[in-house]
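Structural overview
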Amino acid sequence: MTDENGGTGERGITEATGGVTTLTRSDFVSDQEVRWCPGCGDYAILAAVQSVMPKLGIPREKFVFVSGIGCSSRFPYYMNTYGLHGIHGRAPALATGIATARPDLQVWVVTGDGDGLSIGGNHLIHALRRNVNLKILLFNNQIYGLTKGQYSPTSEKGKVTKSTPFGSLETPFNPISLALAAESSFVARTYDVERKHLPRILERAAAHRGSAFVEIYQNCNIFNDGAFIALTSKGGGGNRIYLEHGKPIRFGSDNEQGVVMKPDGSLEMVDVGAVGEDNLLVHDEHRDDPSLAYALSRLASGPTMPTPLGVFRD
């Protein structure tokens with residue numbers, strides 16, 4: 001790229017790089033003021049995405065970020081790439097059109113648990129089942145933040161909010177189970193303040209050709225503060241079940257806990273000392289059949305107990 005004076009329009013083009021553009025995080029930071037509530041988990045996710053983009057070796061003009069409506073949907077404004085702020089729930093449909101017309105682009109969808117699973121649920125599942133080449137980031141804070149604290153499709157049963165003053169009666173969606181049932185070819189989970197794990201998962205999603213769905217637990221410190229404290233606190237390490245391909249599934253503060261498959265195919269958390277490591281379930285993220293990944297997605301009923309994190313299926 002050259003400017004009107006014949007100079008380079010990109011940063012980092014030097015003789016040392018052989019004329020190849022070397023991008024940094026700052027190249028992906030737009031000139032827009034970031035306007036989320038102080039302490040919002042979205043800041044951490046934005047920083048992680050901006051830090052990962054330069055590592056992909058893709059020019060900025062080949063990225064498109066598409067969003068719907070919600071706090072997370074301000075994302076395209078803050079990325080110095082092409083972007084589109086769509087209407088409520090329609091981001092996967094808009095992104096499908098872009099990715100289909102321009103397969104040379106890397107198209108990212110940024111949505112939330114309300115935007116993506118309520119009014120946008122139909123668009124989401126069909127984008128996944130069609131295996132459209134999209135990277136879908138679903139920020140899950142288990143609440144409607146932009147509209148001031150109503151319960152969302154992922155809010156737990158009994159959740160007292162402005163729209164459920166007597167507690168929610170509905171069973172919440174499990175976004176990982178939903179994505180797997182829709183046959184998404186890449187499904188993963190991470191959380192906002194995981195400074196090492198989150199970027200790794202983003203890089204894995206970016207490298208995947210097809211529908212890549214990443215659920216990101218994201219704290220809303222105004223309307224649902226502490227929803228994921230059992231995982232994210234300093235003492236919550238024992239509740240994080242990190243999935244690693246080809247390795248026995250172990251967790252706990254000293255890796256003393258594990259996961260086994262029972263004769264009926266269901267999974268159970270056990271003491272490793274009682275059953276032996278050889279009997280633990282070995283994670284296989286590359287299985288064509290998503291049933292194992294689905295069983296892992298049902299291991300935890302919510303983020304208040306030991307919860308799998310990482311790539312469920314690739």
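Everything discussed here concerns the structure shown above.
First, a word on scope: everything that follows refers to the structure included in this document. (Residues numbered from 1 in each chain as written. Predicted model: local features only at pLDDT ≥ 70, side-chain atom pairs only at ≥ 80, totals over all residues. Heavy atoms only, no water.)

1. Describing the overall build of the protein chain
When its secondary structure is counted, the protein chain shows 10 helices and 11 strands. Expected size for 314 residues packed as a compact globule is a radius of gyration near 20 Å; at 20 Å, the protein chain falls within 12% of this value. Relative to its 314 residues, the protein chain shows a buried fraction of 50%. Summarising the internal contacts of the protein chain: among those between residues at least 6 apart in sequence, 63% fall at separations of at least 24. Split by element, the accessible area of the protein chain, about 14700 Å² in all, is 52% carbon and sulfur. For the protein chain, the centre of its 30 positive side-chain charges and the centre of its 33 negative side-chain charges are spaced 4 Å apart. (Helix = DSSP H or I, 4+ residues; strand = E, 2+ residues; numbered from the N terminus. Rg over C-alpha atoms; globule rule 2.2 N^0.38 Å. Buried < 20%, exposed > 50% of the residue type's maximum accessible area, 1.4 Å probe, protein only. Contact = heavy atoms within 4.5 Å. Areas by Shrake-Rupley, 256 points an atom, 1.4 Å probe, with all protein chains shown as cover. Lys, Arg positive; Asp, Glu negative; His and termini not counted. Charge placed at Lys NZ, Arg CZ, Asp CG, Glu CD.)

2. Quick word on the sheet that holds strand S11 (residues 307-313)
An order of S2-S1-S3-S4-S6-S5-S11-S7 is seen for the eight strands of this open sheet, with the pairing classed as mixed. Each edge of the open sheet is held by one strand with a lone partner, namely strand S2 (82-85) and strand S7 (240-243). Averaged over neighbouring strand pairs, the angle between their axes works out to 20° when direction is ignored. Pairing of strand S4 (residues 134-140) with strand S6 (residues 212-217), which is carried by six bridges, proceeds in the parallel orientation. Looking across to S6, one finds that Phe139 is bridged to Ile216. Packing of helix H7 (residues 197-207) onto the sheet brings it into contact with strand S3 (106-112), S4, strand S5 (186-191), S6, S7 and S11, and relative to S5 it is tilted by some 160°. (Pairing = 2+ DSSP bridges. Axes fitted to C-alpha atoms, helices over the stretch in contact; angles between N-to-C directions.)

3. A look at the pairing of strand S10 (residues 267-271)
As defined by bridge partners, strand S9 (residues 257-261) adjoins S10 across five bridges and the pair is classed as antiparallel. Each bridged residue has a counterpart across the sheet, and for Val260 the counterpart in S10 is Glu268. In sequence, S9 turns back onto S10 through a hairpin of five residues, with Gly265 there showing a positive phi of about 90°.

4. Section: helix H3 (residues 91-101)
Listed in full, the buried residues belonging to H3 are Ala91, Pro92, Ala95, Thr96 and Ala99. Buried residues of H3, seen end-on, are gathered within an arc of 130° and therefore sit on one face of the element. Facing away from the buried surface of H3 by more than 90 degrees, the exposed residues are Thr100 and Ala101. Taken together, the buried residues of H3 touch strand S1 (63-67), S3, helix H5 (121-129) and S4. (Arc of directions from axis to C-beta.)

5. What about the environment of Glu268?
Position of Glu268 among the secondary structure elements: in strand S10. Residues Glu268 and Gly258 lie 10 residues apart in sequence; the distance between their C-alpha atoms is 8.3 Å. In contact with Glu268, not counting residues within four places along its chain, are Gly258, Val259, Val260 and Lys262.

6. Thoughts on the packing of aromatic side chains
Following the criterion strictly, the structure yields eight aromatic pairs and no others. Judged by centre distance (5.7 Å) and plane angle (85°), the rings of Phe28 and Phe63 are edge-to-face. Linking Phe28 in the segment before helix H1 (42-52) with Phe63 in strand S1, this pair joins segments that are 35 residues apart in sequence. The exposure class assigned to Phe63 is buried, which follows from its relative accessible area of 0%. Geometrically, the ring pair formed by Phe65 and Trp108 is stacked, given 5.9 Å between the ring centres and 15° between the ring planes. (Phe/Tyr/Trp six-rings, centres within 6.5 Å; stacked < 30°, edge-to-face > 60°.)

Limitation: the analysis is restricted to geometry and does not speak to function.
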